[in-house]
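Structure at a glance
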Amino acid sequence: MASTSFFRASSSSSTLSMAAPKSYDVFLSFRGEDTRYTFTDHLFQALDKRGIRTFRDDEQLKRGEAIAPELLKAIEDSRSSVIIFSENYAYSRWCLDELVKIMDWHKDVGHTVFPIFYHVDPSHVRNQTGRFGEAFASYEENWKDKVKVGRWRTALREAGNLSGWHLQPQGGYESNYIKKITNRIFRQLNCKRVDVGTNLVGIGSRINKVNLLLHLGSNDIRIIGIYGVGGIGKTTIAKVIYNELSWEFEYMSFVENIGKISDTQPGLLLLKNQLRDDIQDGDRGATMIKKKVFIVLDDVDHFEQLECLLGNGGWLGEGSRVIITTRNKHLLTVQGVDDMYEVPKLNFEEAKELFNLNAFQQNVSKLEFINLSRRMIYYCQGLPLALKVLGSLLFNKTIPQWKSELHKLEREPEMEIHNVLKRSYDGLGRTEKNILLDVACFFGDENKDFVSRILDGCNFHAEIGLKNLNDMCLITIPYNKIHMHDLIRQMAWEIVREDHPHKPNKWSRLWDPRDIDSALTTYKGIHGVETFSLELCTLKRVRFNPNVLAKMTRLRLLKVHSGLFSDFYDEDIADKAYDVIIEDASKMKLGPDFEFASYELRYLCWEGYPLEFSPSNFNGENLIELHLRCSNIKQLWQGNKYLERLKVIDMSHSKKLIQIPEFSSMSNLEELNLQGCVSLIDIHPSIGALKKLTTLDLKRCVKLKGLPSSIINLEALVFLDLSECSSFDKFPEIQGNMRSLKDLHLCGTAIRELPNGIDFESVVS
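Described in the following lines is the structure provided in the data block. (Residues numbered from 1 in each chain as written. Predicted model: local features only at pLDDT ≥ 70, side-chain atom pairs only at ≥ 80, totals over all residues. Heavy atoms only, no water.)

1. Description of the overall build of the protein chain
We count it as follows: Secondary structure elements are defined from DSSP: runs of H or I of at least 4 residues count as helices, runs of E of at least 2 residues count as strands, and each element is numbered from the N terminus. Atoms counted for the radius of gyration: C-alpha only. Globule rule: 2.2 Å times the number of residues to the power 0.38. Here's how the labels work: a residue is buried when its accessible area is under 20% of the maximum for its type, exposed when over 50%, partly exposed in between, all with a 1.4 Å probe on protein chains only.
Helix and strand counts for the protein chain come out as 25 helices and 20 strands. Compactness check: the protein chain gives a C-alpha radius of gyration of 38 Å against a globular reference of 27 Å for 765 residues, more than 25% above the reference. If one aligns the C-alpha atoms of the protein chain with their principal axes, the spans along those axes are about 130 × 60 × 45 Å. When the 765 residues of the protein chain are sorted by exposure, 53% land in the buried category.

Printed below as a string of structure tokens:
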């Protein structure tokens, strides 16, 4: 997984900065005959278990008058030293030489020193009294090099003044002291930390929310999931929490990039071995025993990865915490995590700060770049990965170069962003991939029920498919409306384009007017198009080979529209919108012999359809919805068509429509909208066969005088609008079958007497 460092740490946070990596975290200085096999050995084991790389001299190391060169090198190659002052420490000239080197290194390069006063008084070390005084009395009497003795004294005085630990005989269990010492060293040196990068913006609120879910004060075992779209910062959050909290646990492990590494052989085995090494002291053959552990399993994308690495969690000891990061919410549900957190996108202020830090290396835009910066920030839509990548890409670039990049992004995504997002697509099944591409290239932000109805008509199993896409954070469904992040939509567009980037006639989906204009001028390869969505208002004219649509034999979804979303219930607005739609529709010139492939068609929407009749080859056998708003059609088709799957007909504001065909083959029709069909004279009597019809809108059908008596058979009808049907003067007698009717509109009709048989107490309006 791409680790996106997008949060900015608070000023109180500290980060260790080193000029070069060190071989060891700790150099142990001690008097071997005092503590080698007791306290020093126990401390060494504890440090090693915490992953703190510790140097301890070999007891076989040859002793001499001068300190061995390898020890001097080990001190210089360590980040810190732990000095164990024991009763006979000062009697070892070797130890004293080590001490001088350590304290010189402390003063010269900031080498960290942790003194431990083991069964000795710190003042005896500082002032060379007690046993330390006795040792130095001997040196003063017998040692000729008085300068070296002075340096030993200075080093002891300086070390004795440092903050450390005083372990007294009978002062408590040494194991408790060792735990405190180990924890402090781990925390202060940032041992076993993971890199979170720089420019961390907005860390506080996100970390606080996850910490609340971890219930750190309790002693139970908690497994928490962090999920969200690729590049949103899941890994960064987990890394920061790991760095802040893992030192409090007996063992810890951060297993990174599980999804990516598991794709290789033998990737999952390597990850399992890493986890065992971290929590079992490298003994892979040992049985997993319960320990208090802090584990992060990063970028999990299949449940078998959790089964392999975590199992049922029975080996986790009391107080253990596990964080799982994933793009797939459903994995967390299957695992039965205790709680989960969805990472939100950055708000505008956070996004602006992160972008500026990468683009200008300061948290505000340069004055001349403000408008361009806003456009870039809007393009990124709060996705940290995009803000960081594009900000870094534009650093130190000129205004013309910024503008060029913006123009490029309109047609081509930045590949570093695209590849991270595409990993989620690659993990989908075939059906989910089709749904994702349909939503991105055709539907846009539409009502979930509407989209599901069409997708089910395509045999795409919409309910489970949309649920899976939602779990993968590729779509959201707020208030029952499908929403897709703009960068995910662009990722889907690029997937459609990638095999033939300059040949839109070979794409499976067409949505961009510029590409459609190119594709409609050719026959070659056009048969593979499955969805076609053309917004006419963006073009001055459409270069159009009139037979090209007939070649699209796999066409499932067809939409030609003006991009106008008006409330047609207002008559003044309806007339103006009608004029706009007709003007836009005139940009496509269709001849009387026009045809389009219709057998695979599930959804047909053509606003302002210019011909008076549907194509002669029209076959709507698989059609689910038919929308011909503001069309020029006089009669949909002649005779009886087989339309058993059809659920919606919208012919609203088709001002030339005189009659509609019989309904006997439309047994599943649920909605019929004929609003504003001002030339419509009558309704075919077969309408009574529509047992599933719930909505009948006849508003402003001014020539309609009545309804056939078969209307009484519409037992599922809920909504009936006859308002402003000024010629409508008589409602058929109702014989009790229209019990579902709840919404009846009769305002503006010529009706003088309400029909019998309607339960007006149950009718809302």
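2. Examining the nonpolar core
Stated precisely, the cut-off is as follows: We define the nonpolar core as a collection of buried residues of types Ala, Val, Leu, Ile, Met, Phe, Trp, Tyr and Cys that are connected through side-chain atoms lying within 4.5 Å of one another. Contact between two residues is taken to exist if any of their heavy atoms lie within 4.5 Å; hydrogens are not considered.
In terms of nonpolar packing, the biggest core is built from 205 residues, with Leu297, Phe532 and Leu674 touching the most fellow members. Counting residues per element, this core draws most heavily on helix α20 (residues 430-443), which supplies eight residues. Among all residues touching Phe532, those that are not within four sequence positions of it are Phe442, Leu510, Ile516, Leu520, Leu549, Met552, Leu555, Leu557, Leu558, Lys559 and Val560. Membership of the second largest hydrophobic core comes to 31 residues, among which are Phe55, Ala68, Val100 and Tyr139.

3. Some points on the sheet that holds strand β9 (residues 321-326)
Applicable threshold: For two strands to pair, DSSP has to find at least two bridges joining them. Only the stretch in contact is used when fitting a helix axis, every axis being a line fitted to C-alpha atoms; angles between N-to-C directions are given from 0 to 180 degrees.
Strand order in this open sheet of five strands is β7-β8-β9-β6-β10, and the pairing throughout is parallel. Each end of this open sheet is capped by a strand with a single partner; those strands are β7 (251-255) and β10 (339-342). Strand-to-strand twist in this sheet, taken as the mean axis angle between neighbours without regard to direction, amounts to 15 degrees. Note: β7 against strand β8 (residues 293-300), five bridges, orientation parallel.

4. Points about the sheet that holds strand β2 (residues 54-55)
Whenever strands of a sheet pair, they do so through backbone hydrogen bonds, lying parallel or antiparallel. Pairing within the open sheet is parallel, and its five strands lie in the order β2-β1-β3-β4-β5. Unpaired on one side and paired on the other, β2 and β5 (165-167) mark the two borders of the sheet. One ladder, built from six bridges, connects strand β1 (residues 24-30) with strand β3 (residues 78-85); its direction is parallel. Paired with Phe30 across the bridge in β3 is Ile84.

5. Focus on helix α2 (residues 39-49)
So the rule is basically this: In this description, one arc is meant: the one made by directions from the helix axis to the C-beta atoms.
Inspection of α2 places Phe39, Thr40, Leu43, Phe44, Ala46 and Leu47 among the buried residues, and these make up the whole buried set. The buried residues of α2 occupy one face: seen down the axis, they fall within an arc of 165 degrees. A positive backbone phi angle near 80 degrees is found at Gly51, which sits one or two residues after α2.

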